[in-house]
Each structure stands twice: as C-alpha cells, then as structure tokens.
Amino acid sequence: MEIKVHTREKDYSILLERGALYQVKDYVDAKRRVFIVTDSLVPKEYLSILQKQFPNAKSFVFESGEKNKNLSTYAEILKYMLEAQLDRKDVVIALGGGVVGDLSGFAAATYMRGIDYINIPTTVLSQIDSSIGGKTAVDFEGVKNSVGAFHQPSLVIIDPDTLKTLPKRQIRNGLAEAVKMGMTGDEKLFAIFEKEDYMDHMEEIIERSLRYKKRIVEEDEKETGIRRVLNFGHTYGHAYESVMDGRYLHGECVGMGMMRVVKEESVKERLQSVLLRLELPLSCDADQEEVYKRIVNDKKSVGDAVNIIQVNQIGKAVTEVWKKEEIKEALGV
Ligand SMILES: NC(=O)c1ccc[n+]([C@@H]2O[C@H](COP(=O)([O-])OP(=O)(O)OC[C@H]3O[C@@H](n4cnc5c(N)ncnc54)[C@H](O)[C@@H]3O)[C@@H](O)[C@H]2O)c1
C-alpha cells in the first residue's frame, strides 16, 4: 500500500507492505551511492538484506540507545559520509527505530546543505509516528531534541515483518502513541485497542496512525498550530521521562502523562482500561514536586501557564491553558 504525503518541502510516499525490506532497491536509482545508518541492536539480518541489494553501500552502525542521540554520534556519521565521498545526489538510508531516524535525518538535513534520506523504521513507534513528519534532531546538554532541523524524508518504507524481532515492551511502548492518536483524532483507532487483540490488527493500527499523522503534518508542517495535538500526554510525559531518568520508555511516559491530564471521568476510565490491556503503567513513583518543576520549566510554558492538550471526548482534542495550581492539582501535590 502506498500513502502519499504532500508538504511544502516535498511530496513523498510511504510504502507499507510485508516484505518491503526486500524491495528497497526498486526505489533507488542505480547511479546513486547509498549510505546506510543503523544501530547495534537492530537485528543484523535487516542490514544484510539491504547490503545484498546495495553491494557497494557504506554502512555506519552506532551503539543503540537514546544516550547516543547526541552531537558526537551525529559528527561521526558526517565524518563517515565525507569519507565515503557522498555528494548531494546520493542518499542516506536510516534503518532502525526513532533514534536512528532522528540522527540520520539530521545528518542528511545538514550534510552538504541537505541530501535525500530514506527512512526504514523498524520499531512500532517509528513505523506509526517518528518516521514521517520531517522532525529530525539530537539531544544536547540534557535537553531532548534541542538541536535539529525539519527535513522530510524522500521515501518511507515500512515492513511490518521487521516487528517480529521487536521486544514486547517496545511494541507496547510504541502503541501508546497510537492510543494517543486515537484519543485525539481517530475514535475507530482507539476502539481497536478497546475491543480487539492489537497483535492481530497491527497493520491496520500502523495505517490508521500514519493516515492521521499525515493529515496533521500536511496541515501544519512546522507545528505552529494543529500539529500540537500530537503533544497530548507529552507535557507530563516528558517530565516523567526526565525525572525517572530512563527507567520508563517514552511511550510509557506518554501513557502516564495522558492519565494525569484527562479530567472527564468516562474518558479517563476508557483510557485506563486500554492502557491496562496494553500492560502500560498508569503511574509511577516519581517525585511529583520534581515533575512539577520540569513542567513549568519546559520550553512550551508561557509565563505562569502551560498549554495543555485535553481530550474530553474520544477522538477530539482541544487546547487548554493551565495555571500552576491546575498543573499541581493534576499531580496531586
Ligand atoms: N522525529 C519525530 O517526529 C519523533 C517522534 C517521536 C519520537 N521520536 C524519537 O524517537 C526515539 C524513540 O524511538 P524508538 O522508540 O523507536 O527507540 P529506539 O530507536 O531506541 O529503538 C528501541 C530499541 O529497539 C531496537 N530495535 C529497533 N528495531 C528493532 C527490531 N525490528 N527488532 C529488535 N530490536 C529493534 C533498537 O536498536 C533500540 O535498542 C526518541 O529519540 C524520540 O525522541 C521522534
């Protein structure tokens, strides 16, 4: 299946198909040199499937983990790109999760003032969310995604078969973002989590999430308006992520963040039962005062208020402005 994304920067396709990893060569002009970036925990079999298709490609493998989404890995990638003598007609292929995608996308955005990159996401989170939309970045001075660029991929190739090697925790972690998308704009997507076994509906979940994100990105490429709905659960979620210092994954923190924000009882009950079905945590033992401090110091806070994306009805998001007392109240401090 092909989904077309139209943005001001460029139009590109998302190919969603089992076995698509074996067909990447069909989409790359044979004259272009290929530079593959992946990390140490992405199964080697996927890299070799690509290497068989591009025997002359250079590859760069960095150590897996958010802690390596930094300027020094970014510089290393650029160094190898220079050594491989890539020019602006060549192409970077990102093979892996959101960390690989964000790093390689940023390297592609800046190398020789920007070259093409193809994103081949291999985690649920990256297949449903981070691989499209053109946000690329590294973390800097402890601040997540603080150095980066908007640079749309020239193609996204999603092979759901790659998820067969992904640990269960990573699968559920990624699905938290799909729950978020269902909550904010696609009630049918949310209903899959309420009624069905998500493993039997993975392709439908990926497709619905991508179509939803595509709509938002096309409308608001640089997050000046509607794209902010995608931050639902993220204000509290990011604070949990940093206070708990890696003990919880991003999606797990977003789940807990959504639980803090929703006030409408019936919505909260439905969210809670979906998170429980997905075996995602509802809360954690974070120091709530610390969480509060991180929220008010967040770059998205304005004066003594914070914009919070709220859901009072499944499938519909609104923006609320919360004063400090309200932020505290939701944390129970
Ligand atoms: N650019 C965006 O719009 C956007 C959106 C959301 C999140 N993000 C970023 O995405 C990152 C998180 O992405 P993630 O959750 O994919 O984490 P990740 O990239 O760290 O991947 C998680 C782990 O799974 C391993 N892995 C990847 N594919 C695998 C497979 N098929 N089988 C087995 N193991 C595999 C990786 O090596 C890694 O150890 C964060 O840095 C976040 O900031 C970016």
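Structure's up top.
Definitions and cut-offs
Residues numbered from 1 in each chain as written. Predicted model: local features only at pLDDT ≥ 70, side-chain atom pairs only at ≥ 80, totals over all residues. Heavy atoms only, no water. Core = buried A, V, L, I, M, F, W, Y, C linked by side-chain atoms within 4.5 Å. Buried < 20%, exposed > 50% of the residue type's maximum accessible area, 1.4 Å probe, protein only. Domains from an automatic or database assignment. Contact = heavy atoms within 4.5 Å. Near = heavy atom within 4 Å. Polar contact = N/O pair within 3.5 Å; in protein donor to acceptor, adjacent residues only side chain to side chain. Areas by Shrake-Rupley, 256 points an atom, 1.4 Å probe, with all protein chains shown as cover. Helix = DSSP H or I, 4+ residues; strand = E, 2+ residues; numbered from the N terminus. Nonpolar A, V, L, I, M, F, W, Y, C, P; charged D, E, K, R; others polar. Pairing = 2+ DSSP bridges. Axes fitted to C-alpha atoms, helices over the stretch in contact; angles between N-to-C directions.

1. Description of the nonpolar core
Soluble globular proteins tend to bury their nonpolar side chains together.
Here is step 1 of the chain: Leu175, Val179, Met183, Phe193, Tyr236 and Tyr240 are the most contacted members of the largest nonpolar core, which totals 66 residues.
Here is step 2 of the chain: Mapping this core onto the domain boundaries places at least three of its residues in each of domain 1 (2-165) and domain 2 (168-331).
Here is step 3 of the chain: Aside from chain neighbours lying at most four places away, what touches Phe193 is Leu175, Ala178, Val179, Tyr198, Ile205, Val274, Arg277 and Leu278.
Here is step 4 of the chain: One finds Phe62, Ile77, Leu78 and Val138 within the second-largest nonpolar core, a separate group that totals 22 residues.

2. Quick word on the site of the ligand
Here is step 1 of the chain: Every one of the 26 residues lining the ligand counts as a neighbour, but Asp39, Ser64, Glu66, Thr122 and Thr123 are closest to it.
Here is step 2 of the chain: A distance of 3.0 Å separates an oxygen atom of the ligand from a polar atom in the backbone of Val99.
Here is step 3 of the chain: For the ligand, a nitrogen atom lies 2.9 Å from a polar atom in the backbone of Thr162.
Here is step 4 of the chain: For the ligand, whose unbound accessible area comes to 870 Å², protein coverage reaches 90%.
Here is step 5 of the chain: Contributions of two or more residues to the shell around the ligand are made by α3 (98-110), α4 (124-130), β8 (143-150) and α5 (168-185).
Here is step 6 of the chain: Here the residues of the shell around the ligand are counted per class, giving 7 nonpolar, 11 polar and 8 charged.
Here is step 7 of the chain: Taken domain by domain, the shell around the ligand gets at least three of its residues from each of domain 1 (2-165) and domain 2 (168-331).

3. Things to note about the sheet that holds strand β2 (residues 11-16)
Here is step 1 of the chain: Ordered by their spatial adjacency, 7 strands build an open sheet running β1-β2-β9-β6-β5-β3-β4, and the pairing between neighbours is mixed. Because the sheet does not close on itself, it has two edges, and the strands there are β1 (2-6) and β4 (58-62). On average, each strand axis in the sheet is tilted by 15 degrees relative to the strand beside it, whichever way the strands run.
Here is step 2 of the chain: Pairing analysis gives 4 bridges linking β2 to strand β9 (residues 155-158), with the strands arranged parallel. Across the sheet, the residue bridging to Leu16 is Ile158, located in β9.
Here is step 3 of the chain: Its contacts with the sheet place helix α1 (residues 44-53) against β3 (34-39), β4, β5 (91-96) and β6 (116-121), and it is angled at close to 175 degrees to β3.
Here is step 4 of the chain: Packed onto the sheet, α3 meets β3, β4, β5 and β6 and runs at close to 165 degrees relative to β5.

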